[in-house]
Amino acid sequence: MSSISFSRLGIMSAVLMLLITAGCSSAQVATGQNAQKNKPYRVQNAHSHNDYEQPHFFSAAYQAGFGSMEADIFLVDGDLLVAHNKRDISQQRSLAAMYLSTLAAMVKVNKGYPYKSHKAQLELLIDLKDPKDSPAYKKAVALTLSYKALANSKNLRITFTGNIPSDSVMAVAKGLI
């Protein structure tokens, strides 16, 4: 590794440690050409990985203006529950209560936008932890769409990741959209 690589690594490590200290668990940091052009790091580039594990899930990343946050979900007895693994599942930690209802309220307050600044964007990553073709995806799409403010929001993107279902299961869920 050259000294330039060590220098970049040192800067990236320092920024990452600063963000971890500030309460986020990971961040996307400008590298490569962006770093060479001296583009400043912005909090909109930050990502709260496994945000639900933070003491103040959603609100800490949201109040800081993060550009994305992630929630892992399992479908349990018809409810979408937030947890990284099955042993951490709790009925009190639903996707609706921890993220969707609060986010929908903020979108209403901000007149259709996730943040007060209508230029700021937010991506909520919903990581499907159930087996590939479980009904979790269809349930998550239906639940998300039940919040009209989220379905019609500008600068808000909800992205499903993880165990993405097969095309046939996705086609059935697309009938909800």
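No experiment lies behind these values; they were computed from the predicted model shown.

Caption draft 1: Local environment of the overall build of the protein. Counting its secondary structure elements, the protein contains 7 helices and 6 strands. Listed N to C, the secondary structure of the protein is α-β-α-β-α-β-β-α-β-α-α-β-α in terms of helices and strands. Working note: accessible area of the protein is about 10,100 Å², and carbon and sulfur atoms make up 56% of it.

Caption draft 2: Highlighting the packing of aromatic side chains. Scanning all chains against the criterion turns up 5 aromatic pairs. Here the aromatic rings of Phe58 and Tyr99 are separated by 6.0 Å at their centres, their planes lie at 85°, and the arrangement is edge-to-face. In this pair, Phe58 sits in the loop between strand 2 (46-48) and helix 3 (59-64) while Tyr99 sits in helix 4 (residues 95-109), placing the two residues 41 residues apart along the sequence. According to the relative accessible area criterion, Tyr99 is buried, its value standing at 1%. Between the aromatic rings of Tyr137 and Phe160, the centroid separation amounts to 5.2 Å while the plane-to-plane angle is 75°, which identifies the pairing as edge-to-face. With Tyr137 in helix 5 (residues 136-145) and Phe160 in strand 6 (residues 156-162), this residue pair connects regions lying 23 residues apart in the sequence. Taken together, the aromatic side chains of Phe57, Phe58, Tyr62, Tyr99 and Tyr115 make up a single cluster linked through ring pairs. One Lys or Arg, Arg93, reaches over the ring of Phe57 and ends 5.9 Å from the middle of that ring. Its end group placed over the ring of Tyr113, Lys154 keeps NZ or CZ at 5.5 Å from the ring centre.

About the cut-offs
- Each chain carries its own residue numbering, running from 1 in the written order of its sequence.
- In keeping with the predicted nature of the model, local features appear solely for residues at pLDDT of at least 70, side-chain atom pairs appear and are counted solely at 80 or more, and the whole-chain, interface and lining totals rest on all residues.
- The side-chain figures draw on all heavy atoms in the structure; neither hydrogens nor water molecules are used.
- Helix and strand definitions follow DSSP, with helices as H or I runs of at least four residues and strands as E runs of at least two, each counted in order from the N terminus.
- Computed with the Shrake-Rupley method and a 1.4 Å probe, the accessible areas treat only the protein chains shown as cover for residues.
- Each aromatic pair joins two rings of Phe, Tyr and Trp (for Trp, the six-membered one) with centres within 6.5 Å, and gets the label stacked for planes under 30 degrees apart, edge-to-face for over 60, and tilted for any other angle.
- Only protein chains enter the accessibility calculation, which uses a 1.4 Å probe. A residue is then buried if its area is under 20% of the maximum for its type, exposed if over 50%, and partly exposed in between.
- In our convention, an over-ring charge means Lys NZ or Arg CZ found within 6 Å of a ring centre and within 35 degrees of that ring's normal.

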